[in-house]
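# Structural overview for review
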Amino acid sequence: MLKCRKLTAILIGILLVVTMVGCGKTSTNTAKDTVKIGLNLELSGAVAEYGQKGQNGANLAIEDMNKKGGVLGKQVEAIALDNKSDNAESASVAASLAQKGIVGIVGCMTSGRTEAAIPVGLQYKLPMISPTGTASEVTVDKATNAVRPYVFRVCFLDPFQGQVMAKFATDELKVKKAAVLFDSSNDYSKGLAQAFETNFTAAGGTIVDKEAYIEKDKDFKATLTKIKAANPEVIFVPGYYNEVGLIVKQGRELGITVPFTGGDGWGSPQLVQIAGAEALANTFFCNHFSASSTDPKVQAFVQAYKAKYNSEPDGFAALGYDAAALMMDAVQRAGSTDPAKVTEALAATSGFQGVAGTITMDKNHNPVKAAVIIGFDNGKEIVKATIKP
Amino acid sequence: MESFKNSRIKNIILPVVGVAALYMIVQFLISSELLNPYYQIILFLIGINIILAVSLNLINGITGQFSIGHAGFMSVGAYMGAVCTVKLGYPFVVAIIAAFLVAGIMGLFIGVPTLRLRGDYLAIATLGFGEIVRVVLLNIDYVGGAAGIIGIPQLTNWAWLFGSVVITIVVIQNFIRSSHGRACIAIREDELAAELMGVNTTLYKVLAFSIGAAFAGLAGALYAHYFFLIQPTNFNFLKSFDILVMVVLGGMGSTSGCVLAAIFLTIISALLQSFTEVRMILYALVLIIVMIRRPQGLMGNKELSLNLLGKFRRRDKHAAVRDKVTE
Amino acid sequence: MSEFTQQVINGLALGSIYALIALGYTMVYGIIKLINFAHGDVMMVGAYVGYFSITLFGTNLVVALIFSMVVTAILGVAIDYLAYKPLRKSSRIAALITAIGVSLFLEYVFVWLFTPSSRSYTQNVISQKAYHFMANQVTITGKDILILSVTVILMLLLQYTVKKTRVGKAMRAVSLDQEAALLMGINVNRIISFTFAVGSALAAAAGVLIGVYYNSIDPLMGIMPGLKAFVAAVLGGIGSIPGAVAGGYILGILESLVSGYGSSLYRDAVAFGVLILILLIKPTGIFGQDTGEKV
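Residues numbered from 1 in each chain as written. Chains lettered and ligands numbered in written order. Predicted model: local features only at pLDDT ≥ 70, side-chain atom pairs only at ≥ 80, totals over all residues. Heavy atoms only, no water.

## Focus on the side chain of Lys84(A)
- By the element assignment, Lys84(A) lies in the loop between strand S2 (76-82) and helix H3 (87-98).
- Given a relative accessible area of 12%, Lys84(A) falls into the buried group.
- At 2.9 Å, the side chain of Lys84(A) forms a polar contact with the side chain of Glu89(A).
- Ignoring sequence-local partners within four residues, the contact set of Lys84(A) consists of Leu41(A), Ser44(A), Gly45(A), Glu89(A), Ser269(B) and Arg279(B). (Helix = DSSP H or I, 4+ residues; strand = E, 2+ residues; numbered from the N terminus. Buried < 20%, exposed > 50% of the residue type's maximum accessible area, 1.4 Å probe, protein only. Polar contact = N/O pair within 3.5 Å; in protein donor to acceptor, adjacent residues only side chain to side chain. Contact = heavy atoms within 4.5 Å.)

Take a look at the structure:
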């Protein structure tokens, strides 16, 4: 009985301490008079990597803006909460952020988490900008074909990328036979693969083999052997760089010499580290931006990011930057922190210069922006072409 | 006669009044918008977690079958419910019942083949089943594959949730207190002895799995109809682990312990939203420390009852006897 | 034919890794009847130690391997001492739950310390040479050879230790009958610690090899291989050392073939399917013995 009381007492103690700390944190936040932006990001869990990069980018954007004097004369402050890469948490985080007097939410990095927070955004009438949620459902309700009033994004959609890469395969690489290797545990990859297939076959090509892998896989030799035996002229791998790096490396080791192509999930300095410069020769992918671009705005961002975080930024960081920057820009244009006005300003965005491209919102709250096709020269990214939509 | 009337009040009228009062207070708070949506989400999560913990407790704590794939049953219920409302257009009631039944049948499918397995092997097999369910769902396009099902109408309201929690606790608690429950406890204590004493271990093991699974399915359907979107990744091993921690912390074998632990851990999890990395480390430490220092968890296999509260005030003969029997 | 050969070669490399990890599982289970859920994560720690050894201290592969094995062995002993030893007399479920706790603890401490991003071993740790056969259809790389040779050497070392040394004899005695071994004057706790040390060292070797072979490590890398290695150990007969090796290779080759000829979508499900089949048909595995249940 004594032991039980002791344990209960300890647990209640923990509860109290955590409550106080948790509440304490919020109270200090509301003390200053700042413009607050909520960050609903995957900071732990399966896709924690993307969330953390996105947070880095967003924080840098806010810091940059604050150095220039902030927004509407006030400093900007980020309130970040972790949705643990879980849908229920994402909704809970969005609701929690909504209590803190924010103008809008930057988040989430993945489509599923963003979608889970949609009802909350609707309820509180708060604008949400997703940095890298690429599924069409995020901004448009498929059942009614209506645009979701409070959701925006700064990345282009899967269908667009698939179209771009299919065109690249038929027009630039001039091939007729392709193999597709996609991540079946990831709706982004699946969507991209689907879009590629549709566009490629419509242009007269054939898909000789379609294989899948699962996120976090490390061994692709068996699957690549099968693909090799089907004799494709190009292999489309619309996955994330962690697995893509390994796929390209192992493919080259197996003796596959045909080009590999992919989508913006490839965009990360880690890709070279994983795959090795040699393997990346004769590979191409489509992205929002490239750290090696000569555009001064991009270079300024890359240098600042390197200085602050001691590593090169990837696509997630760049888009996190843009999402936060766009939110602040919208507040500036709206001239007020009223979420409704900010939402209107977002919908009217035109020619916003982000580090990952210039953004103009279309009627579906999706950005109309160009894509760059990137190749590799001895491990360094080089921009091969820029495709406008 | 006096004591009979007292026990009547204690065992039936007081709890009913208490429960009804709790329902009405919260319903008032929600309808009058005093309870903001953030707290509402936590409240609903608590309810769902209570159902999950109590149902897992039936399998793990009461019957001693170590199952760590509970999220698999939850996902089956969630998907079944979502398919009923979103794809087939049936009303919520149908979705709930379908989820309950299908998950229960799933429990049957798990219970029968694993009859011969004990302890660690059973645990791994259930983990395997949970993963297989997830992989299969990932590859079925009808339910959206990796993208899952989106646009699930928010049909779970406080009435449904509260009713489900109460029904779950009442049904499972009554099961435990009945001769069926005692058979399960016998299996937990010493399966071979139970078998030799004539307990139909096969029947009860499968029954425990099925009932536990069915209620997990119910929780899944409620979850789906509150959170708008479900994907296979929502129901991975980490979710099973979350539920397991609740059961372990609360005390394997104690329903009220599980309820308390579910409430406690859900709130802690919400409060730790700002402390990203530390949360999982804390959970893991809680598990290890509880197992080493106090493996029976908070409540052991005692139940929180009005008798227990009465112990603090006075001891009467009947209470003492009742306590001895339920210990 | 050439595709099949290539798949088998792929499977051998994969199988070597599973075998190394499975050995640790099987030895610990044989001795204290515990499924060390944290074993896969011990492998992950080994991979990270090797990574830091190569990138921070600039050692070569062999030194990194040995260093990692030593450090991880110490970790294994520490885990046993802190988490499993207090529960030696408790129920198996309690120990299993604790093991799950340790597993998650290791994973998330590493996420906290090293971020969830993956890191790469430097490219030229070993030669990148590749040998092509059968009209360029079959490739064996220097890394394939490395993995196979390291695994074989370690296994031979282990076999020698278990069969020919006194410590090995003591290990076999403790796993047969702990009480009798105690009565015969064997320091059971010491032997158990030793077993953890050896098992963890082997897991560390697997981790470093994964780092070199696949060139990518991250804090959550131990989960899947750990689970699959467990399946391999059960397949071969848990508690049996040759069984773990056989199970590892069989599972590796089976996975490659399923990926190659069936659907790569279901590759993970294959491992679990195998597990459930084995548990249903012959729970003691290929090399295991049915000891029956004493009442």
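Next comes the rest of the account.
## A short note on the interface of chain A and chain C
- Chain A puts 32 residues into the contact, and the matching count from chain C is 37 residues.
- Carbon and sulfur atoms make up 47% of the area that chain A and chain C hide from each other, which totals about 2,800 Å².
- It is Lys218(A), Asp219(A) and Glu253(A) that lose the most area in chain A upon contact with chain C, and together they represent 20% of the buried surface on that side.
- At the boundary of chain A and chain C, one finds two salt bridges.
- Residues Lys218(A) and Asp218(C) are paired through a salt bridge, measuring 3.1 Å at the closest nitrogen-oxygen approach.
- Summed over the shared surface of chain A and chain C, the result is nine residue pairs in polar contact (both at pLDDT 80 or more).
- If you list the elements that add at least two residues to the side of chain A that touches chain C, you get helix H2 (48-67), strand S9 (206-213), helix H7 (221-229), helix H8 (241-253) and helix H9 (270-275) of chain A.
- At seven residues, H7(A) tops the list of elements feeding residues into the side of chain A that touches chain C.
- Here the residues of the side of chain A that touches chain C are counted per class, giving ten nonpolar, ten polar and twelve charged. (Buried area = accessible area lost by both parts, 1.4 Å probe. Salt bridge = Lys/Arg side-chain N within 4 Å of Asp/Glu carboxyl O. Nonpolar A, V, L, I, M, F, W, Y, C, P; charged D, E, K, R; others polar.)

## Let's talk about the pattern of salt bridges
- For the coordinates displayed, the defined rule picks out 21 salt bridges over all chains.
- With its nearest N and O atoms 4.0 Å apart, the salt bridge here joins Glu63(A) to Lys67(A). Of this pair, Glu63(A) and Lys67(A) both sit in helix H2, four residues apart, which is roughly one turn of the helix.
- Judged by relative accessible area, which is 64%, Lys67(A) ranks as exposed.
- Lys210(A) is the salt-bridge partner of Glu197(A), the closest N and O atoms lying 2.7 Å from each other. Taken together, the residues span a long stretch of sequence, with Glu197(A) in helix H6 (residues 187-202) and Lys210(A) in strand S9 at a distance of 13 residues.
- The class of Lys210(A) is partly exposed, set by a relative accessible area of 35%.
- One salt-bridge network, in which partners are shared between bridges, spans Lys221(A), Lys249(A), Glu253(A) and Lys143(C).

## Some thoughts on the packing of aromatic side chains
- This model, assessed by the stated rule, comprises 38 aromatic pairs over all chains.
- Centre to centre, the rings of Tyr50(A) and Phe316(A) are 4.3 Å apart; their planes meet at 15°, and the pair counts as stacked. On the criterion of sequence distance, the pair formed by Tyr50(A) in helix H2 and Phe316(A) in helix H11 (residues 315-334) is long-range, its members being 266 residues apart. Of the two residues, Tyr50(A) and Phe316(A), neither departs from the other in class, the shared state being buried.
- A centroid spacing of 5.1 Å and a plane angle of 85° characterise the contact between Phe100(B) and Phe215(B), whose relative ring orientation is edge-to-face. (Phe/Tyr/Trp six-rings, centres within 6.5 Å; stacked < 30°, edge-to-face > 60°.)

## Section: the nonpolar core
- Among the nonpolar cores identified, the biggest contains 330 residues, and Phe196(A), Phe301(A), Ile68(B), Ile230(B), Phe241(B) and Tyr84(C) are the most heavily contacted of them.
- Broken down by element, this core gets its largest block of residues, 18 residues, from helix H8 (residues 188-214) of chain C.
- In contact with Phe196(A), not counting residues within four places along its chain, are Gly162(A), Met165(A), Ala166(A), Ala169(A), Ala178(A), Val180(A), Ile207(A) and Phe236(A). (Core = buried A, V, L, I, M, F, W, Y, C linked by side-chain atoms within 4.5 Å.)

## A look at the pairing of strand S12 (residues 283-287) of chain A
Residues and elements named next belong to chain A.
- Burial of S12 is extensive: five of the five residues sit out of reach of the surface.
- Here S12 shows a buried face lined by Thr-283, Phe-285 and Asn-287 and a second buried face lined by Phe-284 and Cys-286.
- Bridging between strand S11 (residues 260-262) and S12 involves three bridges; their strand directions are parallel. Counted as the bridge partner of Thr-261 is Phe-284 from S12.
- With respect to chirality, the unit in which S11 leads through H9 into the neighbouring parallel S12 is right-handed.
- Pairing between S12 and strand S16 (residues 371-377): four bridges, direction antiparallel. Bridge pairing in S16 links Phe-285 to Ile-374. (Pairing = 2+ DSSP bridges. Right-handed = clockwise from strand over helix to strand, strands pointing away.)

## Re the packing of helix H2 (residues 37-62) of chain B against helix H6 (residues 158-177) of chain B
Residues and elements named next belong to chain B.
- Put simply, H2 and H6 touch, their axes get as near as 10 Å, and they point 15° apart. Between H2 and H6, the angle falls in the class roughly parallel. Considering the relative orientation of H2 and H6, their crossing is left-handed. In this structure, H2 uses Leu-43, Phe-44, Gly-47, Ile-48, Ile-50, Ile-51, Val-54, Ser-55, Leu-58 and Ile-62 to contact H6, whose residues at the interface are Trp-158, Leu-161, Ser-164, Val-165, Thr-168, Ile-169, Ile-172, Phe-175 and Ile-176.
- Of the residues in the contact of H2 with H6, the class split is 15 nonpolar, four polar and no charged. (Axes fitted to C-alpha atoms, helices over the stretch in contact; angles between N-to-C directions. Parallel < 35°, antiparallel > 145°, perpendicular 65-115°, else oblique. Left-handed = near helix turned anticlockwise from the far one by under 90°.)

## Some points on a positive patch on the surface
All names here are of chain C.
- Taken together, the side chains of Lys-163, Lys-164, Arg-166, Lys-169 and Arg-172 present a region of like positive charge at the surface.
- Of all the secondary-structure elements, those providing two or more residues to the positive patch are helix H5 (142-164) and helix H6 (166-176).
- If you tally residues by element for the positive patch, the top one is H6, at three residues.
- Assignment of secondary structure puts Lys-169 in helix H6.
- We classify Lys-169 as exposed; its relative accessible area is 57%. (Patch = residues over 30% accessible without salt bridge, like charges linked within 9 Å, V, L, I, M, F, W, Y side chains within 5 Å. Areas by Shrake-Rupley, 256 points an atom, 1.4 Å probe, with all protein chains shown as cover. Lys, Arg positive; Asp, Glu negative; His and termini not counted. Charge placed at Lys NZ, Arg CZ, Asp CG, Glu CD.)

## Focus on the sheet that holds strand S14 (residues 357-361) of chain A
- Here we have three strands laid out as an open sheet, ordered S13-S14-S15 (chain A), and antiparallel in their pairing. Each end of this open sheet is capped by a strand with a single partner; those strands are strand S13 (352-354) and strand S15 (367-368) of chain A.

## Re empty space enclosed by the protein
- What the rule picks out here adds up to ten cavities of 30 Å³ or more.
- What lines the second largest cavity is a set of 20 residues, and nearest its centre among them are Glu49(A), Lys216(A), Asn242(A), Glu243(A) and Asp218(C).
- At the level of secondary structure, the elements contributing two or more residues to the lining of the second largest cavity comprise H2 and H8 of chain A. (1 Å grid on protein atoms, 1.4 Å probe; cavity = no way out; pocket = protein on both sides within 12 Å on 5 of 7 lines; lining within 4 Å. Points joined across faces, edges and corners; volume = space filled by probe spheres on them.)

## Some details on a nonpolar patch on the surface
- Residues Leu88(B), Tyr90(B), Val93(B), Val94(B), Ile97(B), Leu101(B), Val136(B), Ile140(B), Tyr142(B), Trp160(B) and Tyr266(C) make up a contiguous nonpolar surface patch of about 950 Å² in total accessible area.
- Relative to the elements of secondary structure, Trp160(B) occurs in helix H6.

## Observations concerning the packing of helix H1 (residues 2-32) of chain C against H8(C)
Residues and elements named next belong to chain C.
- Remark: H1 packs on H8, axes separated minimally by 9 Å, with the N-to-C direction vectors making an angle of 165°. Classed by the angle they form, the pair H1 and H8 counts as roughly antiparallel. H8 is crossed by H1, and the crossing has left-handed handedness.
- Here the contact of H1 with H8 is composed, by residue class, of 22 nonpolar, three polar and no charged.

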